[in-house]
Amino acid sequence: MKDVVHRAAGRWPNSRIASVLTRRGTLTSFDSNQPVRLGIVGCGAITREAHLPVIIGDRRVEVTVLCDRDRGNATHAARASGVEAEITTELAGLAGKVDAAIVAVPPRFHAPVAIQLMEMGIDVLCEKPLAITVADGRKMVEAARRTERVLAVALMMRFFPHNRWLADLVEEGEIGEVREVIVEDGAPLDWPMASNSYFDRNATGGGVLFDTGVHLLDRVLWLFGDLTGIAYEDDAFGGFESNAKLTGVLQIGGRPVPARLEFSWSHRLRRSIRVVGERGTLEASTSDPRTLTLHRTARRGPMEMQILCAKRWDGRSHYRAQLDDFIGAVRERRAPFVTGESALHALAVIETAYARRTSMAQPWLARMESSA
């Protein structure tokens, strides 16, 4: 276990190993008795469905400004949540009125918006993916260093409680030598979108791999290290993919381990990370982050063991944990749990995958062509 703790140090929330950001005494110090003044830039579905419901229940935060280029979105968000905040359509409207901001605009605007905010002296929690390209993401990381601002990234699945159990049990050899890592996440896309940004090249950079897959890809890279030998196929046909398959090789326990990641916006998949070993399989389900499942074959047949990783956890607990970490990083002038630099790893894999894209086999199309 000592080796596991050493390797994972600084990887889990509330770690005291996180680097301190304060330099030259130029950063604002916060009175712990006063709430952090928060602005939200982009008032679409993710703000209304995920961020605001946990923010309004936290007395350490006061939403002072809601910003959206469509004033109606900001007004709707304010009314739906009961937040009394100034409404603006311009980033300049946040100056002097907020200490920190959540950036929830379409991905293509993450870099310019976050950089402008940091240059205004505002700490940033940026929605995922960090940026459209690795180059833009690096500009954001550099801007955070230059301006001495916090740059956190909303890859909120890193806060799932079963993550640490999965990494520790794999490293302790609970399932023996690891043979394969299988990641699946799929369901018909039914997110309550406020615009067409999911499918607009002027707003985003990809489909299911870029938007949904980034969460699980990020977790795999964060837990097990780099992915090499990348191959990728999808059904984009010049547009945005609804189905994607990514394969590569991880190094686990000093051995190469094949990894397969599949994502879908059209049909249901298992929605989990499975680590298959010689003596069993560990499964971390996206739908129940409280537990980790150990699958084994015993003398009397297949068995499942549920490992309880957290006593209390609901559908918004990871957003609460993310907000708690961001508030702590802002007040304590420390690195957040999910840094901009760490978020670059998944973005780099996605960029490589898209560069190596091949067409996913769709036999029904071939049948249609032959019948014509």
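Because the structure is predicted, anything quoted here is derived from the model rather than measured.

Can you tell me about the overall build of the protein chain, naming the residues and giving the values?
Secondary structure summary: the protein chain contains 10 helices and 15 strands in total. Split into buried and exposed, the 372 residues of the protein chain put 55% on the buried side.

How would you summarise helix 3 (residues 71-81) if you had to cite specific residues and measurements?
All buried positions along helix 3 are accounted for by Asn73, Ala74, Ala77, Ala78 and Ser81. In a view along the axis of helix 3, the buried residues occupy a sector of 130 degrees, so they form one face of it. With respect to the buried face of helix 3, the exposed residues turned more than 90 degrees away are Arg79 and Ala80. Against the buried residues of helix 3 lie helix 2 (45-55), strand 2 (61-67) and strand 3 (86-88).

Which residues make up the nonpolar core, and what are the values?
Among the nonpolar cores identified, the biggest contains 112 residues, and Leu117 and Leu166 are the most heavily contacted of them. With 11 residues, helix 7 (residues 208-224) is the largest single contributor of residues to this core. Filtering out sequence-adjacent residues up to four positions away, leucine 117 remains in contact with Val41, Leu91, Leu94, Ala101, Val103, Ile122 and Val124.

Quick one: what's the story with the sheet that holds strand 6 (residues 151-154), residue by residue and with numbers?
For sheets, the rule is that strands pair by backbone hydrogen bonds, running either parallel or antiparallel. Here six strands make up an open sheet; going across it, the order is 3-2-1-4-5-6 and the pairing parallel. Edge positions in the sheet fall to strand 3 and strand 6, since each has one partner strand and no second. Along the sheet, successive strands turn relative to each other by an average axial angle of 25 degrees, direction set aside. Pairing of strand 5 (residues 123-127) with strand 6, which is carried by four bridges, proceeds in the parallel orientation. Residue leucine 125 lies in a different strand from strand 6, and its bridge partner there is alanine 152.

So what's going on with the pairing of strand 14 (residues 301-308)? Residues and values would help.
With eight bridges connecting them, strand 13 (residues 291-298) and strand 14 associate as antiparallel partners. Its bridge partner being in strand 14, leucine 292 is matched across the sheet by isoleucine 307. Between strand 13 and strand 14, which pair antiparallel in sequence order, lie two residues.

Explain helix 7 to me, and be specific about the residues and the numbers.
Residues lying three or four places apart along an α-helix face the same way, a consequence of the helix completing one turn every 3.6 residues. Taking 1.5 Å per residue as the helical rise, helix 7 with its 17 residues ought to reach 24 Å, and the 22 Å between its terminal C-alpha atoms agrees with that figure. Bending of helix 7 peaks at approximately 60 degrees at the position of valine 214. Across the 17 residues of helix 7, 17 count as buried, placing the element largely inside the fold. One or two positions beyond helix 7, positive phi appears at glycine 225, with a value near 100 degrees.

Account for the confidence of the model for the protein chain, with residues named and values stated.
On average, the protein chain scores 89 in pLDDT, and the residues at 70 or more come to 87%. Here residues 1-11 scores under 50 on pLDDT; set against residues more than four positions off or in separate chains, the count is 17 contacts. Note that pLDDT drops below 50 for residues 14-27; the model gives that stretch 25 contacts with residues more than four away or on any other chain.

Break down the packing of helix 7 against helix 9 (residues 340-355) for me, with residues and values.
Contact pair helix 7 / helix 9: the axes reach a minimum separation of 9 Å and the direction vectors enclose 125 degrees. Comparing their axes, helix 9 and helix 7 come out oblique. The way helix 7 lies across helix 9 gives a crossing that is right-handed. Where helix 7 approaches helix 9, its residues Leu209, Phe210, Val214, Leu217, Asp218 and Leu221 are matched on the opposing element by Ser342, His345, Ala346, Leu347, Val349, Ile350, Ala353 and Tyr354. When grouped by side-chain class, the residues that make up the contact of helix 7 with helix 9 number 11 nonpolar, two polar and one charged.

Can you tell me about the side chain of arginine 331, naming the residues and giving the values?
Summarising the element assignment, arginine 331 is placed in helix 8 (residues 317-332). Aspartate 58 provides the closest opposite charge to the buried, salt-bridge-free arginine 331, at an N-O distance of 7.0 Å. In terms of polar contacts, arginine 331 uses its side chain to reach the backbone carbonyl oxygen of glutamine 34, at 2.8 Å.

Residue-level account of the sheet that holds strand 13, with values.
Spatially, the nine strands line up as an open sheet ordered 14-13-12-11-7-10-9-8-15, and their pairing is mixed. Here the strands that pair on one side only, and so sit at the sheet edges, are strand 14 and strand 15 (357-359). Averaged over all neighbouring strand pairs, the angle between strand axes comes to 20 degrees, with direction disregarded. Bridging between strand 12 (residues 280-285) and strand 13 involves three bridges; their strand directions are antiparallel. Pairing of threonine 281 across the sheet is with histidine 295, part of strand 13. The sheet contacts of helix 6 (residues 162-171) involve strand 7 (178-186), strand 9 (243-252), strand 11 (272-277), strand 12, strand 13 and strand 14, and relative to strand 12 the element is tilted by about 165 degrees. The strands touched by helix 9 within the sheet are strand 8 (228-234), strand 9 and strand 15, with strand 8 carrying the most contacts at an inclination of about 60 degrees.

Parameters and conventions
- Residues numbered from 1 in each chain as written.
- Predicted model: local features only at pLDDT ≥ 70, side-chain atom pairs only at ≥ 80, totals over all residues.
- Heavy atoms only, no water.
- Helix = DSSP H or I, 4+ residues; strand = E, 2+ residues; numbered from the N terminus.
- Buried < 20%, exposed > 50% of the residue type's maximum accessible area, 1.4 Å probe, protein only.
- Arc of directions from axis to C-beta.
- Contact = heavy atoms within 4.5 Å.
- Core = buried A, V, L, I, M, F, W, Y, C linked by side-chain atoms within 4.5 Å.
- Pairing = 2+ DSSP bridges.
- Axes fitted to C-alpha atoms, helices over the stretch in contact; angles between N-to-C directions.
- Expected span 1.5 Å × (residues − 1).
- Bend = angle between axes of the 7 residues up to and from the residue.
- pLDDT = per-residue confidence, 0-100.
- Parallel < 35°, antiparallel > 145°, perpendicular 65-115°, else oblique.
- Left-handed = near helix turned anticlockwise from the far one by under 90°.
- Nonpolar A, V, L, I, M, F, W, Y, C, P; charged D, E, K, R; others polar.
- Lys, Arg positive; Asp, Glu negative; His and termini not counted.
- Salt bridge = Lys/Arg side-chain N within 4 Å of Asp/Glu carboxyl O.
- Polar contact = N/O pair within 3.5 Å; in protein donor to acceptor, adjacent residues only side chain to side chain.

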